[in-house]
Structures are given as structure tokens and as C-alpha cells.
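Listed below, chain by chain, are the residues.
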Amino acid sequence: MSDAESTDTPIKMVVGYIRPDKLSDVKQGLAEIGAPSLTVTNVSGRGSQPAKKGQWRGEEYTVDLHQKVKVECVVADIPAADVVDAIADAAHTGEKGDGKVFVLPVESARQIRTGKTGPDAV
């Protein structure tokens, strides 16, 4: 394994789970700090946000999985803490269900087109 692929690389993946209506604000916040790229996925999950009760055709039902957006950003040149702050600040409403942000180490990276590895691939 080369130095660029060692587990000591400063590559981090920041993963945020946010409200769908805050995505535009989060994208703007990441652009302002120069975050190079992001991946967005629609997901559902549950946490501290209360379940919603509804009724359909006379039957009551409970929705405890809420729609969220998963934002992934892999960084090497930008501190992961700055990315966390950008996501958290932009996604904050002060209500339950605002989401969470996690930081994970990235063991290695390889850019398919150029063959670059490690932080150069990010």
C-alpha cells in the first residue's frame, strides 16, 4: 500500500442527515466554504422527531419514518470541522428532526479518470 493509500491520510467523509427543505441552504453553505463536491440521496429514518398519525379511508396509521436527505462530502484540503459547521449551521431550525452530522475516516481514494490516489483523488 502506498503512502497515499495509508490509513493516516487526512481524507474524511462528512455525512449529514437533514430536512429536505434545508438542502438548498446546505448546498449554499458548502459552496461558501469551498467544499469540492457532494452526493445527495433521499432517505427515510427515525430519531427523536415524533411520529405522525394520520387517517386514510377510515383507518388510522402512524408514520414513524421521516423523509430526510443524506448529504455526503469527502474532503482532504478542507477541514472536516468546517464542513460539519457549514452543514449544521445551514440545516438548523431548532426543532426536533433537524438531523445529525457524522465524520468518518476514508482509508483510501482513487479517481477513476486520472488514476490519482489518496488526497489528490479528492
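Residues numbered from 1 in each chain as written. Predicted model: local features only at pLDDT ≥ 70, side-chain atom pairs only at ≥ 80, totals over all residues. Heavy atoms only, no water.

J.: Before we go on, may I ask you to explain the overall build of the protein in this structure?
T.: Counting its secondary structure elements, the protein contains two helices and six strands. For the protein, the sequential pattern of α-helices and β-strands runs β-α-β-β-β-β-α-β. Computed over C-alpha atoms, the radius of gyration of the protein comes to 18 Å, more than 25% over the 14 Å expected from 2.2 N^0.38 for 122 residues, which places it beyond the range of a compact globule. Taking all 122 residues of the protein together, the buried fraction comes to 30%. (Helix = DSSP H or I, 4+ residues; strand = E, 2+ residues; numbered from the N terminus. Rg over C-alpha atoms; globule rule 2.2 N^0.38 Å. Buried < 20%, exposed > 50% of the residue type's maximum accessible area, 1.4 Å probe, protein only.)

J.: Even after reading the chapter, I still don't get the pairing of strand 4 (residues 59-63), so can you show me in this structure?
T.: Every regular strand shows the same layout, with side chains that alternate between the two sheet faces. Both strand 3 (residues 52-56) and strand 4 contribute to a ladder of five bridges, which runs antiparallel. Within the sheet, the bridge partner assigned to K52 lies in strand 4 and is V63. The turn joining strand 3 and strand 4, which pair antiparallel and follow one another in sequence, is formed by two residues; a positive phi near 50° is taken by R57. (Pairing = 2+ DSSP bridges.)

J.: What exactly am I supposed to notice about the nonpolar core here?
T.: Considering soluble globular proteins, one finds that nonpolar side chains tend to be buried as a cluster. Ranked by internal contacts, the top residues of the largest apolar core, which has 17 residues, are I18, V26, L30, V71, V75, V83 and I87. When residues of this core are traced back to their parent elements, those giving at least two are strand 1 (12-18), helix 1 (23-32), strand 5 (66-75) and helix 2 (80-91). For this core, the element with the highest residue contribution is helix 2, accounting for six residues. Counting five residues, the second-largest nonpolar core is a separate cluster that includes I11, A76, V106 and A121. (Core = buried A, V, L, I, M, F, W, Y, C linked by side-chain atoms within 4.5 Å.)

J.: What is the right way to read the pattern of salt bridges from this model?
T.: Pairing of side chains with opposite charge becomes possible as their charged atoms draw close. Tallying each qualifying case throughout the model produces four salt bridges. The closest approach of N and O atoms between D25 and K22, which form a salt bridge, is 3.0 Å. As a salt-bridge pair, R46 and D64 come within 2.7 Å of each other at their nearest N and O atoms. Here D64 lies in the loop between strand 4 and strand 5 and R46 lies in the loop between strand 2 (39-45) and strand 3, a separation of 18 residues in the sequence. With a relative accessible area of 63%, R46 lands in the exposed category. (Salt bridge = Lys/Arg side-chain N within 4 Å of Asp/Glu carboxyl O.)

J.: Help me out: how do you make sense of the packing of helix 1 against helix 2 in this one?
T.: Relative placement of two packed helices is described by the angle separating their axes and the distance separating the axes. Taken N-terminus to C-terminus, the directions of helix 1 and helix 2 make an angle of 145°; their axes are 8 Å apart at the nearest point. Handedness of the helix 1/helix 2 crossing: right-handed. Contact residues: D25, V26, G29 and L30 in helix 1; V83, A86, I87, A90 and A91 in helix 2. Of the residues that constitute the contact of helix 1 with helix 2, the class distribution is seven nonpolar, one polar and one charged. (Axes fitted to C-alpha atoms, helices over the stretch in contact; angles between N-to-C directions. Left-handed = near helix turned anticlockwise from the far one by under 90°. Contact = heavy atoms within 4.5 Å. Nonpolar A, V, L, I, M, F, W, Y, C, P; charged D, E, K, R; others polar.)

J.: Any chance you could explain the sheet that holds strand 5 here in plain terms?
T.: Within a sheet, adjacent strands bond to each other through the backbone by hydrogen bonds, running parallel or antiparallel. Read across the sheet, four strands follow the order 2-5-1-6 without closing on themselves; strand pairing throughout is antiparallel. Pairing within the sheet leaves two strands with one partner each, and these edge strands are strand 2 and strand 6 (99-105). Shown here is a sheet whose adjacent strand axes are inclined to one another by a mean of 20°, direction ignored. Relative to strand 5, strand 2 runs antiparallel, the two being bridged by seven bridges.

J.: Whenever I open this one, helix 2 confuses me. Can you help?
T.: Spacing of three or four residues puts side chains on the same side of an α-helix, whose turn is 3.6 residues. An ideal rise of 1.5 Å per residue puts 16 Å on 12 residues; helix 2 measures up with 16 Å between its terminal C-alpha atoms. For helix 2, the elements touching its buried residues are strand 1, helix 1, strand 5 and strand 6. (Expected span 1.5 Å × (residues − 1).)

J.: Mind showing me how you'd approach a nonpolar patch on the surface here?
T.: Residues Y17, F102 and L104 make up a contiguous nonpolar surface patch of roughly 250 Å² in combined accessible area. Under the relative-accessibility criterion, Y17 is labelled partly exposed at 30%. (Patch = residues over 30% accessible without salt bridge, like charges linked within 9 Å, V, L, I, M, F, W, Y side chains within 5 Å. Areas by Shrake-Rupley, 256 points an atom, 1.4 Å probe, with all protein chains shown as cover.)

Note that every value here comes from positions in space, so none of it alone points to a role or purpose.
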